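Single-letter residue listing:
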Amino acid sequence: MTPVSILCLLILIYGLTRPPGFLLITALIYTSFGALALIPPALTAGASILAAPVAFLFLIGKLLWMQKTAQIYTRTLVNPSRVGILGLFTVVAVVGAFILPSLFAGEMYVIPMRLATSYSYALTPLYPTTSNITQSLYLIISFMIVTAMATMARLPDFKETFAKAILYAMIAAIATGMIDFAFGIVGKTDMLKIFRNASYAMLVDQEVSGGVRRTVGLMPEASSYGTLVIALLGPLLFMRQLYSPKMTKWVVMPAIGLGFLFAGLSTSSTAYVGIIAIIGLHFADSIHKAINGDMALRARVAKELGIISVLGILGFIGLMALPATREIIFTLVDEMLLNKTQSLSYIERSSWNTYALQNFWDTKGFGVGAGSVRTSNFFVNILAATGFIGALLFAIFLIQLIAARARPEQKELKIILHGAKLSVLPVLVCAALVGTTPDYGIFVACLFGVIVGTKYVSPPRVIANAPRPRDEPSDIITP
């Protein structure tokens with residue numbers, strides 16, 4: 001174990017003595033260390049146990065240890081209107097991962113999760129593999145995170161805790177990006193190996209045309225770093241009303257600006273699509289609020305959009321005025337966007353989806369099991385891996401999330417719920433471009449849990465023996 005791994009583990013152990021909010025903040029900060037394995041892969045049969053999933057497992061253990069939160073966790077787990085449908089999806093996916101590869105063994109060829117060669121066209125016969133086990137574990141952990149976040153949303157200090165967690169996580173992502181950028185300039189990226197002990201292929205010194213080095217932070221590759229920043233930008237931007245005006249002006253808005261900058265420095269086409277999605281959602285949401293709000297809100301929205309537009313135009317003019325940066329921008333646009341569909345990578349990844357859909361039809365809609373097939377689209381993988389039943393259950397759960405509403409009197413929870421809904425869209429858009437497994441991952445799990453936990457939350461009772469609303473019992477823990 002590296003000194004960094006030991007330090008991170010000690011912080012988690014200390015977190016068991018603190019309120020659950022400490023572990024939530026720690027877990028989201030750890031997402032920036034996406035190449036750091038807490039336990040050496042040599043001791044785990046080559047599997048990399050990363051810091052962030054371990055931190056969330058500590059958080060789940062803390063919630064189950066506390067009697068009141070354990071009760072909320074249990075009720076949330078079995079409630080169909082909460083996470084029950086997603087739980088059924090998880091059961092279908094996990095059971096299918098152990099049964100379907102054996103049921104259809106040798107009857108078809110798949111693009112496996114672990115490629116035998118560096119070429120994605122290495123079709124192999126379908127048979128049970130260790131990937132079925134690991135993907136099942138990832139799905140179970142993600143589902144547990146959803147339930148944990150839904151439980152956390154019932155705590156009275158959740159608004160403050162979640163706001164801190166998102167801000168600190170973004171600061172960590174920006175800081176790690178700055179560190180990687182600085183070490184890359186001086187050619188000392190090898191010094192960051194202490195943070196990169198996972199058994200992944202580390203693509204940390206890649207360049208795009210024009211000699212531009214891709215910023216990867218402390219993640220294994222640029223695309224994972226770009227997606228990390230996108231996942232944090234959404235909540236920070238769409239929930240900025242949770243912060244005080246002073247905090248928003250001097251900390252939150254600069255963090256958002258730097259987040260867009262470092263997402264761009266990753267030179268990931270997926271991150272660029274995420275940036276476009278976030279900007280489009282922000283403008284649409286702002287216009288919607290202006291149309292339906294009062295004069296004061298309209299004035300504030302108009303001022304905000306005006307400032308953003310002016311800064312964006314001035315920044316673009318400044319970049320285009322310099323010949324060196326203009327050439328780099330033209331090269332990046334041509335390589336990453338305009339000619340992306342002609343690249344070998346794009347052609348290969350598209351073939352993954354084609355073969356996966358064929359596997360779905362070949363199994364008569366049952367699927368080949370989680371972990372059996374690799375795709376380049378998260379939704380295609382759900383269909384190919386979990387079959388029609390799994391895809392239907394996941395779709396029903398998404399519809400539940402879309403229909404989620406908070407009570408009118410709970411303004412802060414309405415901000416969180418609305419912001420979480422908007423935030424999950426860019427992440428799912430990115431997953432639709434690069435998703436290789438049916439696991440929706442930590443950030444989507446957190447946002448799913450926030451939406452589930454904040455919808456129709458009954459306010460705490462303040463009058464002795466006052467009856468609770470009949471539609472749903474209150475789970476909020478009052479101080």
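Note that residues are indexed from 1 along each chain, following the sequence as it is written. Restriction of local features to residues with pLDDT of at least 70 applies here, the model being predicted, together with a cutoff of 80 or more for giving and counting side-chain atom pairs; totals for whole chains, interfaces and linings are based on all residues. Note that the side-chain values use all heavy atoms of the structure and ignore hydrogens as well as water.

A. Quick peek at the packing of aromatic side chains. Note on aromatic pairs: the rings of Phe, Tyr and Trp (six-membered ring only in Trp) are paired at centre separations within 6.5 Å, and the planes decide the class, stacked below 30 degrees, edge-to-face beyond 60, tilted for the rest. Considering all chains together, one arrives at 11 aromatic pairs under this definition. Consider the rings of Tyr 14 and Phe 22, whose centres lie 5.5 Å apart with planes at 85 degrees: the pair is edge-to-face. With a relative accessible area of 27%, Phe 22 lands in the partly exposed category. Summarising the aromatic geometry, the rings of Tyr 440 and Phe 448 are spaced 5.6 Å apart at their centres and angled 45 degrees between planes, so their arrangement reads as tilted. As far as the burial class goes, Tyr 440 and Phe 448 line up, both buried. Taken together, the ring pairs connect Phe 89, Phe 378, Phe 379, Phe 394, Phe 397, Tyr 440 and Phe 448 into an aromatic cluster. Distance and angle both matter: a charge sits over a ring if NZ of Lys or CZ of Arg is within 6 Å of the ring centre and within 35 degrees of the ring normal. Here the guanidinium or amino end of Arg 374 rests over the ring plane of Trp 352, the centre of that ring lying 5.2 Å away. Exposure categories follow from relative accessible area, calculated using a 1.4 Å probe and restricted to protein chains: below 20% of the type maximum is buried, above 50% is exposed, and the middle band is partly exposed.

B. Quick peek at helix α9 (residues 245-265). Numbered from the N terminus, helices here are DSSP runs of H or I no shorter than four residues, and strands are runs of E no shorter than two. Working rule for helices: expected span equals 1.5 Å times residues minus one. Compared with the 30 Å implied by 1.5 Å per residue over 21 residues, the 29 Å span of α9 between its first and last C-alpha is a close match. Fitting axes to the seven residues that end at a residue and to the seven that start at it, the angle between those axes gives the bend at that residue. The largest bend in α9 is about 35 degrees, located at Val 252, with the proline Pro 254 one to four residues further on. Buried within α9 are the following residues: Thr 248, Val 252, Ala 255, Ile 256, Gly 259, Phe 262 and Ala 263. Whether two residues touch is decided by their heavy atoms; if any such pair falls within 4.5 Å, the residues are in contact. Check the buried side of α9 and you find it contacts α7 (158-185), α8 (222-238) and α10 (269-292). Within two residues after α9, Thr 267 carries a phi angle of roughly 50 degrees, on the positive side.

C. Geometry of the nonpolar core. Remark: nonpolar core denotes a set of buried residues (Ala, Val, Leu, Ile, Met, Phe, Trp, Tyr, Cys) joined through side-chain atoms within 4.5 Å. By size, the foremost hydrophobic cluster in this structure holds 107 residues, and its most contacted members are Leu 28, Phe 56, Leu 86, Leu 236, Phe 394, Tyr 440 and Phe 448. No other element matches helix α15 (residues 411-434), which puts 11 residues into this core. When neighbours within four sequence positions are excluded, Leu 28 is seen to be in contact with Phe 56, Ala 165, Ile 166, Ala 169, Phe 443 and Cys 446. Ala 356, Val 368, Val 373 and Ala 384 belong to the second-largest nonpolar core, a separate cluster that totals 11 residues.

D. Representation of α8. For α8, built from 17 residues, the straight-helix expectation of 24 Å at 1.5 Å per residue is met to within 8% by its first-to-last C-alpha distance of 25 Å. For α8, the tally of buried residues reaches 14 of 17 residues, placing the bulk of the element in the interior.

E. Focus on the pattern of salt bridges. By definition, a salt bridge exists where a carboxyl oxygen of Asp or Glu is found within 4 Å of a side-chain nitrogen of Lys or Arg. Per the counting criterion, the structure on display carries five salt bridges. For the salt bridge of Arg 196 with Asp 180, the shortest nitrogen-to-oxygen distance reads 3.3 Å. Of this pair, Arg 196 sits in the loop between α7 and β5 (207-208) while Asp 180 sits in helix α7, placing them 16 residues apart in sequence. This pair shows no difference in class: Arg 196 is buried, exactly as Asp 180 is. Each of Lys 159, Glu 160 and Glu 412 takes part in one network of salt bridges that share partners.

F. The arrangement of the packing of helix α14 (residues 378-403) against helix α16 (residues 441-454) in detail. Two numbers describe how α14 lies on α16: the axes approach to 10 Å, and their chain directions differ by 55 degrees. The angle between α14 and α16 falls in the class oblique. Between α14 and α16 lies a crossing of left-handed hand. Seen from α14, the contacting residues are Phe 394, Phe 397, Leu 398 and Leu 401; seen from α16, they are Phe 448, Ile 451 and Val 452. Whenever a helix is involved, its axis is fitted only over the stretch in contact; in every case the axis is a line through C-alpha atoms, and angles between N-to-C directions fall within 0 to 180 degrees. When an angle is under 35 degrees it counts as roughly parallel; over 145 it counts as roughly antiparallel; between 65 and 115 it counts as roughly perpendicular; any other value is oblique. Whether a crossing is left-handed or right-handed is set by the direction in which the near helix is turned from the far one by less than a right angle, anticlockwise for left-handed and clockwise for right-handed.

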